[in-house]
Amino acid sequence: MKVLGRSFFWVLFPVLPWATQAVEHEEVAQRVIKLHRGRGAAATQSRQWVRDSCRKLSGLLRQKNAVLNKLKNAIGAVERDVGLSGEEKLFQVHTFEIFQKELNESENSVFQAIYGLQRALQGDYKDVVNMKESSRQRLEALREAAIKEETEYVELLAAEKHQAEALKNMQHQNKSLSMLDEILEDVRKAADRLEEEIEEHAFDDNKSVKGVNFEAVLRVEEEEANSKQNMTKREAEDDLGLSMLIDSQNNQYILTKPRDSTIPRADHHFIKDIVTIGMLSLPCGWLCTAIGLPTMFGYIICGVLLGPSGLNSIKSIVQVETLGEFGVFFTLFLVGLEFSPEKLRKVWKISLQGPCYMTVLMIAFGLLWGHLLRIKPTQSVFISTCLSLSSTPLVSRFLMGSARGDKEGDIDYSTVLLGMLVTQDVQLGLFMAVMPTLIQAGTSASSSIVMEVLRILVLIGQILFSLAAVFLLCLVIKKYLIGPYYRKLHVESKGNKEILILGISAFIFLMLTVTELLDVSMELGCFLAGALVSSQGPVVTEEIAASIEPIRDFLAIIFFASIGLHVFPTFVAYELTVLVFLTLSVVVMKFLLAALVLSLILPRSSQYIKWIVSAGLAQVSEFSFVLGSRARRAGIISREVYLLILSVTTLSLLLAPVLWRAAITRCVPRPERRSSL
């Protein structure tokens, strides 16, 4: 029976590629599979089925040829018709071509189905790799078929719209229009032209771009659309709303730019997320204040409760994190307002040397432990660099509004600490620039290691050149631009504070854009913007700080809540012993390394501040979340290492206020203690 089934299959195979109907070729394919496996009907019935199928396919082939000839004749007749306008001729010819394309695509789909069946029958069912490749090829064919069908459907919608407009024009020509109808008709034509002008053919323009993949997604309509009981099918298709798309990797997407830009839309998910964070942050902040903890921990707890590990009510996680980044920008700007350039000149050597020495020592220890634990050097360097960074926004909250009151001639610990943090922000930008090369180095052969090292050195040279350009630009702005710019804002903002706020915000965004274009971190640009404004004197600083602080406070709430979205209490609870040990090891190591480095580079009269500065640096920056996610996507680290980095970072940030308060209590005389905690 199997031999008979195979013989009929190969007799039928040369004819099948000419079929034109999807239902027919699916029936043929299923029947051939049954015959091949020996589970078909009797031999006589099989022969009769094959003969009937061949007659049916031959008939379909003749019908297709006849239809194609008629379509060609119809296209020629339309082109020769002098009574039709050029636009109408194009429309009718295009309609016929769509039908021709439908016939050809159906024929191709049959051929692809038979080819796939042949490949499956010739393959080994025990070979998983072969089955995976066959599945991938079928998936690619389905994606191409789906994109072609989508294009054809859009063309049919356009043809239907054109046909309806032509019918309406004929009706208008047969009756007299009132003045109002004529005005509305002119408005309709103008609206059609507007839609054609502003519509971006993003789908057609990008579907053939290199690197673009077609994927199956689920479209989930928002609740408002589901509640419309009287909506017709056509109205439901035209109502774009703010549907959520979910791909096969469980990534969720929200509409960012609608096809019809004339209709205003709002992302209700994002609005609900911000409202929920704002309402829950208040009791969480109050609770932390009542028990003597910084309010920022209340905001982090708020993010934990609303995030994936809690109620999972935050739908627009990426949008919330993006808005939270503005909290970092304004926080660093206000830090720059309190960062006097004169003080910076006094500690610039310490601020530059300290973080560099600490990073080198951390990488050396990381490579040593990596060698003992048999970890790849690429992973060791990455993990060590992540852990060497400290949180600038967190320490800025510690120092915000505090009066340090150091002795005359001594070095201010806040100036040293902020200078070192700014240098670490520069290191962050450098590391993010070098990271693609680090990824390639992890996968390259040993013969190309020299080239990778040279490439890293070239990138370091580019970053140093960019830093020199940034500081040269700052000198020009300070000498020629910032003074007249602020005076103009001050004059224009009398009785209207929004001009002052907008002017300062625009200056912040200008500086972060410049530093970003020069491949330096945006955070450094915000800090430099504050330092440049502070050069205009304490009166200017107080006026601008009073205007910007409320904005900073609200955005900082969003930022710390976004950190809480990446805290997973269940994972911490499962691995509590390991995580506590790793966190304490990292905190103690960073504290001791910072104290060692500062004891070597600080003047003898200022040695007492090394404990405070070390306490401020003894935690891991929240930007390790960003670096860790990129490294995980690139394959540098595994999922387990990524979760360990996230957990250690979070626990170190929770431990930081305790260590900071202990250092302040021990090293600063009681009358001079001022802390933002």
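Residues numbered from 1 in each chain as written. Predicted model: local features only at pLDDT ≥ 70, side-chain atom pairs only at ≥ 80, totals over all residues. Heavy atoms only, no water.

An unreviewed UniProt entry lists the protein chain under the name Transmembrane and coiled-coil domain-containing protein 3 isoform X1, with Sapajus apella given as the organism. If you open the UniProt record of the protein chain and go to Subcellular location (unreviewed entry), you find "Membrane". (UniProt positions renumbered as here; feature names shortened; annotations may be inferred.)

Engineer: In this structure, what is going on with the pattern of salt bridges? I would like to understand it.
Structural biologist: Side chains that differ in sign of charge can pair as their charged atoms come close. One pass over the structure, following the stated rule, counts four salt bridges. Between glutamate 492 and lysine 488 there is a salt bridge, and its shortest N-O distance comes to 3.2 Å. Remark: lysine 488 and glutamate 492 occur in helix H17 (residues 449-492); sequence separation between them is four residues, near one turn of the helix. Given the relative accessible area of 43%, glutamate 492 is considered partly exposed. (Salt bridge = Lys/Arg side-chain N within 4 Å of Asp/Glu carboxyl O. Helix = DSSP H or I, 4+ residues; strand = E, 2+ residues; numbered from the N terminus. Buried < 20%, exposed > 50% of the residue type's maximum accessible area, 1.4 Å probe, protein only.)

Engineer: Explanation requested: unusual backbone geometry in the structure shown.
Structural biologist: Keep in mind that most residues, glycine aside, have a negative phi and that most peptide bonds are trans. A positive phi is found at asparagine 312, a non-glycine position, where the angle reads about 55°. Among the residues examined, asparagine 312 registers a relative accessible area of 41% and is labelled partly exposed.

Engineer: It is not clear to me how the environment of methionine 279 should be interpreted in this structure. Could you clarify?
Structural biologist: Secondary-structure assignment places methionine 279 in helix H10 (residues 268-290). For methionine 279, a relative accessible area of 57% puts it in the exposed group. Each C-alpha atom of the pair methionine 279 and cysteine 302 lies 9.5 Å from the other, and the pair is 23 residues apart in sequence.

Engineer: How do you make sense of the sheet that holds strand S1 (residues 217-220) when you look at a structure like this?
Structural biologist: With respect to topology, three strands assemble into an open sheet ordered S1-S2-S3, the strand pairing being antiparallel. This sheet does not close on itself; its edge strands, each paired only once, are S1 and strand S3 (252-254). Taken over all neighbouring pairs, the strand axes of this sheet differ in orientation by 25° on average, direction set aside. Pairing of S1 with strand S2 (residues 244-247) involves four bridges; the strand directions are antiparallel. If you follow valine 220 over to S2, its bridge partner there is methionine 244. (Pairing = 2+ DSSP bridges. Axes fitted to C-alpha atoms, helices over the stretch in contact; angles between N-to-C directions.)

Engineer: How should I be thinking about the packing of helix H22 (residues 576-601) against helix H25 (residues 639-667) in this particular structure?
Structural biologist: The description of two packed helices rests on the angle between their axes and on the distance between the axes. Running from amino to carboxyl end, H22 crosses H25 at an angle of 60°, the nearest separation of the two axes being 9 Å. Regarding the angle of H22 to H25, the classification is oblique. Here the hand of the crossing between H22 and H25 comes out right-handed. Contacts between H22 and H25 involve Leu579, Leu582, Thr583, Leu584, Val586, Val587 and Phe591 from the first element and Leu644, Ser647, Val648, Leu651, Ser652, Leu655 and Leu659 from the second. Within the contact of H22 with H25, the residues separate by chemical class into 11 nonpolar, three polar and no charged. (Parallel < 35°, antiparallel > 145°, perpendicular 65-115°, else oblique. Left-handed = near helix turned anticlockwise from the far one by under 90°. Contact = heavy atoms within 4.5 Å. Nonpolar A, V, L, I, M, F, W, Y, C, P; charged D, E, K, R; others polar.)

Engineer: Is there a simple way to think about the environment of arginine 138 in this case?
Structural biologist: Within the element layout of this structure, arginine 138 appears in helix H5 (residues 128-173). Taking the relative accessible area as the measure of exposure, arginine 138 reaches 42% and is therefore partly exposed. Put simply, arginine 138 and alanine 113 are 25 residues apart on the chain and 8.8 Å apart in space, counted from C-alpha to C-alpha.

Engineer: Please clarify how the packing of aromatic side chains should be interpreted in this entry.
Structural biologist: Working definition: an aromatic ring pair is given by the centre-to-centre distance plus the angle between the planes. All told, the structure shown has eight aromatic pairs when counted by the stated rule. Ring geometry for phenylalanine 398 and tryptophan 660: centres 5.5 Å apart, planes at 20°, overall stacked. With a gap of 262 residues between them, phenylalanine 398 in helix H15 (residues 392-399) and tryptophan 660 in helix H25 connect regions that are remote in the sequence. With 6.3 Å between their ring centres and 55° between their planes, tyrosine 413 and tryptophan 660 make a pair best called tilted. With tyrosine 413 in helix H16 (residues 413-443) and tryptophan 660 in helix H25, this residue pair connects regions lying 247 residues apart in the sequence. Clustering of aromatic rings is evident, with ring pairs tying together Phe326, Phe329, Phe330 and Phe509. (Phe/Tyr/Trp six-rings, centres within 6.5 Å; stacked < 30°, edge-to-face > 60°.)

Engineer: In this structure, what is going on with the pairing of S2? I would like to understand it.
Structural biologist: With three bridges joining them, S2 and S3 adopt antiparallel strand pairing. Across the sheet, isoleucine 246 pairs through a bridge with glutamine 252, a residue of S3.

Engineer: Looking at this structure, how should I read a nonpolar patch on the surface?
Structural biologist: On the surface, Phe365, Leu368, Trp369, Leu372, Leu373 and Ile375 cluster together into a nonpolar patch covering about 600 Å² of accessible area. With respect to the helices and strands, leucine 368 occurs in helix H13 (residues 341-373). What makes leucine 368 partly exposed here is its relative accessible area of 47%. (Patch = residues over 30% accessible without salt bridge, like charges linked within 9 Å, V, L, I, M, F, W, Y side chains within 5 Å. Areas by Shrake-Rupley, 256 points an atom, 1.4 Å probe, with all protein chains shown as cover.)

Engineer: Would you mind showing me how to read the packing of helix H11 (residues 295-306) against helix H20 (residues 538-564) here?
Structural biologist: Closest axis-to-axis distance for the H11/H20 pair is 6 Å, and the angle between their directions is 50°. In terms of axis orientation, H11 runs oblique to H20. Of the two elements, H11 crosses H20, and the hand of that crossing is right-handed. Contact residues: H11 offers Met296, Tyr299, Ile300, Gly303 and Val304, while H20 offers Ile557, Phe560, Ala561 and Gly564. Broken down by class, the residue content of the contact of H11 with H20 amounts to seven nonpolar, two polar and no charged.

Engineer: Is there a simple way to think about the nonpolar core in this case?
Structural biologist: A general trend in soluble globular proteins is that nonpolar side chains are found buried together. Phe333, Phe382 and Ile544 are the most contacted members of the largest nonpolar core, which has 90 residues in total. Discounting residues that sit within four places of it in the chain, phenylalanine 333 has contacts with Ile504, Ile508, Cys526, Ala529, Gly530, Val533, Ile544 and Ile548. (Core = buried A, V, L, I, M, F, W, Y, C linked by side-chain atoms within 4.5 Å.)

Engineer: Which parts of the structure should I look at to understand H11?
Structural biologist: The end-to-end C-alpha distance of H11, which contains 12 residues, comes to 17 Å, matching closely the 16 Å that a straight helix rising 1.5 Å per residue would cover. Of all 12 residues that make up H11, nine are buried, and the element is covered over most of its length. Regarding H11, the residues found buried are Met296, Phe297, Gly298, Tyr299, Ile300, Cys302, Gly303, Val304 and Leu306. Along its buried surface, H11 packs onto H10, H15, H20, helix H21 (569-574) and H25. (Expected span 1.5 Å × (residues − 1).)

Engineer: Would you explain the side chain of serine 547 in this entry?
Structural biologist: Note that serine 547 resides in helix H20. Judged by relative accessible area, which is 14%, serine 547 ranks as buried. Residues within four places of serine 547 in sequence aside, it is in contact with Leu500 and Ile501.

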